[in-house]
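Below are the chains, spelled out letter by letter.
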Amino acid sequence: MRAETDIVPLDKRTPGVQAIEPLIFPVLEAVYTRREKRLRFLAEQRGEAEGGYFEFLSHLVLAQQQILKHMPLSVADGSAIRALPKQGCDQDQLEKLFLAIPYWQQAFLFLVQQVKFVVPEETRIMLESYRQNIPALKKSAVHLLRGNYTQVDAGLAVILWAALSVSWAQAVGQDQKHIQQTQPVGEARLCPCCGAQPVASLVLGGDREGLRYLQCSLCETRWHRVRGICVECGASAHVEHWTFEDLKAPVQVESCGDCKTYLKVFRLDYKPDLDAVADDLDSFALDTAVEQQGFSRAGLNPFSFPG
Ligand SMILES: [Zn+2]
Ligand SMILES: [Zn+2]
């Protein structure tokens, strides 16, 4: 593995682009289509046997997409989700607020219904038990949002987060204009729209060539951060990029020698069909290698919770 410094103090400005947008909101239909396709491709490329994890995830993402069509979020539930505190709320307070929002529970039930035939039997039995036990489900949902991942059944966490994510992404989507005008982005480490952690950094191509955005693990929004600085602590003196190939590699790791954390970087300018969530999962060998150098992971992949 190679480490090289690739510090670019200011984002490259493309002629004709007047201002850097602080937020890029997702077109959810397209996000899910692209992710599902990418997961299927990776399952095949990895030679995954039938019933493998990438194939399961492709079913899950397809089910998220079906939610948009068959049970879109109401305006009332969208307002209730956006009104939830982003941080600093304790478990009990958040559980109370959560119970008053039925949508994410219905989304979870729908996802379980769609994927229960592609999961192992013991997982199916566990998921069915949560369908009957909304208080336990609510507790788990709040643990996930508060980052207490070890408190949640591993088989439950991925599907439950998928239900929360499709709910939050629609809630943010309903109010883009207002959020764009009122939400400060600045040097945000967490998503300015929902307070969740990023999955990874993306360096974009096309009209936004060379710009770095972070992709939210919950609401799928992307927010701008200048390249060459550590997302976690803001330092720039010891930022390095690691790859198995060279700096033209589409999947890289950006590490910071000051706070000893790292985050993946996906170079969409080199390979536009990458999907941060799917390709992060496909490149865990890079995580292992950089963790052996003493760095710990910042950010969250909702297909693979820590713990
Ligand atoms: Zn978000
Ligand atoms: Zn740092």
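Conventions adopted
Residues numbered from 1 in each chain as written. Chains lettered and ligands numbered in written order. Predicted model: local features only at pLDDT ≥ 70, side-chain atom pairs only at ≥ 80, totals over all residues. Heavy atoms only, no water. Helix = DSSP H or I, 4+ residues; strand = E, 2+ residues; numbered from the N terminus. Rg over C-alpha atoms; globule rule 2.2 N^0.38 Å. Buried < 20%, exposed > 50% of the residue type's maximum accessible area, 1.4 Å probe, protein only. Contact = heavy atoms within 4.5 Å. Areas by Shrake-Rupley, 256 points an atom, 1.4 Å probe, with all protein chains shown as cover. Lys, Arg positive; Asp, Glu negative; His and termini not counted. Charge placed at Lys NZ, Arg CZ, Asp CG, Glu CD. Donors = N, O, S within 2.8 Å, 3.2 Å for Na, K, Ca; no water. Tetrahedral: all angles 85-135°; square planar, octahedral: opposite > 155°, others 65-115°. 1 Å grid on protein atoms, 1.4 Å probe; cavity = no way out; pocket = protein on both sides within 12 Å on 5 of 7 lines; lining within 4 Å. Points joined across faces, edges and corners; volume = space filled by probe spheres on them. Nonpolar A, V, L, I, M, F, W, Y, C, P; charged D, E, K, R; others polar. Domains from an automatic or database assignment. Expected span 1.5 Å × (residues − 1). UniProt positions renumbered as here; feature names shortened; annotations may be inferred.

1. Remarks on the overall build of the protein
Assigned secondary structure in the protein consists of eleven helices and nine strands. In summary, the protein has a C-alpha radius of gyration of 19 Å against a globular reference of 19 Å for 307 residues, a match within 12%. By principal-axis analysis of the C-alpha atoms, the protein measures approximately 50 × 45 × 35 Å. In the protein, which comprises 307 residues, the proportion classed as buried is 52%. Restricting to contacts in the protein with at least 6 residues of sequence separation, those with at least 24 account for 65%. Just so you have it, the protein exposes about 13,900 Å², and 51% of that area is on carbon and sulfur atoms. When the 32 basic and 37 acidic side-chain charges of the protein are each reduced to a single mean position, those positions are 4 Å apart.

2. Quick word on the coordination of the zinc ion (ligand 2)
Summarising the metal site, the zinc ion (ligand 2) is bound by the protein donors C230 (SG), C233 (SG), C256 (SG) and C259 (SG), whose distances to it range over 2.3 Å. The site at the zinc ion (ligand 2) holds four donor atoms, and with the angles between them running 104 to 114 degrees, its shape is tetrahedral. Positions of the donor residues of the zinc ion (ligand 2), expressed as sequence spacing, correspond to C-x2-C-x22-C-x2-C.

3. Focus: the coordination of the zinc ion (ligand 1)
Each donor-metal-donor angle in an ideal tetrahedron of four donors is 109.5 degrees, and each such angle in an ideal octahedron of six donors is either 90 or 180 degrees. Looking at the zinc ion (ligand 1), one finds its protein donor set to be C191 (SG), C194 (SG), C216 (SG) and C219 (SG), positioned 2.3 Å from the metal centre. One can describe the donor arrangement at the zinc ion (ligand 1) as tetrahedral, given that its four donor atoms subtend angles of 97 to 119 degrees at the metal. Expressed as a motif, the donor residue spacing for the zinc ion (ligand 1) is C-x2-C-x21-C-x2-C. Of the two residues, C191 sits in the loop between α9 (176-182) and β3 (198-203) while C216 sits in strand β4 (residues 212-216), which places them 25 residues apart along the sequence.

4. Focus: empty space enclosed by the protein
To find leftover empty space, a probe the size of one water molecule is rolled over the atoms. The final tally for this structure, using the stated rule, is five cavities of 30 Å³ or more. Approximately 90 Å³ is the volume found for the largest cavity. Taken together, 13 residues line the largest cavity, and the ones lying closest to its centre are Q64, W161, S165, P302 and F303. Of all the elements, helix α8 (residues 154-173) adds the most residues to the lining of the largest cavity, at four residues. Class assignment of the residues belonging to the lining of the largest cavity gives a composition of eight nonpolar, three polar and two charged. In terms of domain composition, the lining of the largest cavity takes at least three residues from each of domain 1 (2-22 + 185-297) and domain 2 (28-173). Lining the second largest cavity are C230, V231, E232, E254, S255, C256, T261, Y262, L263 and A298. Among the residues forming the lining of the second largest cavity, the class breakdown is six nonpolar, two polar and two charged.

5. Let's talk about helix α2 (residues 53-70)
Counted at 1.5 Å a residue, the expected span for α2 with its 18 residues is 26 Å, and the 25 Å between its end C-alpha atoms agrees. If you check which residues of α2 are buried, you get F54, F56, L57, S58, L60, V61, A63, Q64, Q65, I67 and L68.

6. Things to note about the layout of surface pockets
By volume, the largest pocket amounts to about 590 Å³. At the level of secondary structure, the elements contributing two or more residues to the lining of the largest pocket comprise α3 (75-82), α4 (91-99), α7 (134-145), α8 and α9. Sort the elements by how many residues they give to the lining of the largest pocket and α8 lands first, with four residues. Residues of the lining of the largest pocket, tallied by class, amount to 20 nonpolar, nine polar and five charged. In terms of domain composition, the lining of the largest pocket takes at least three residues from each of domain 1 (2-22 + 185-297) and domain 2 (28-173). For the second largest pocket, the calculated volume is near 360 Å³. Along its surface, the second largest pocket is lined by 17 residues, and I24, V27, V31, R34 and R222 are the ones closest to its centre. The element best represented in the lining of the second largest pocket is helix α1 (residues 28-45), accounting for four residues. Split by residue class, the lining of the second largest pocket holds nine nonpolar, two polar and six charged. Inspection of the lining of the second largest pocket shows a minimum of three residues originating in each of domain 1 (2-22 + 185-297) and domain 2 (28-173).

7. Here we look at the UniProt feature "domain: FdhE C-terminal" (unreviewed entry) in the protein
UniProt tags residues 230-303 as "domain: FdhE C-terminal" (unreviewed entry). Split by type, residues 230-303 is 19% helix and 27% strand. Its first and last C-alpha atoms lie 24 Å apart.

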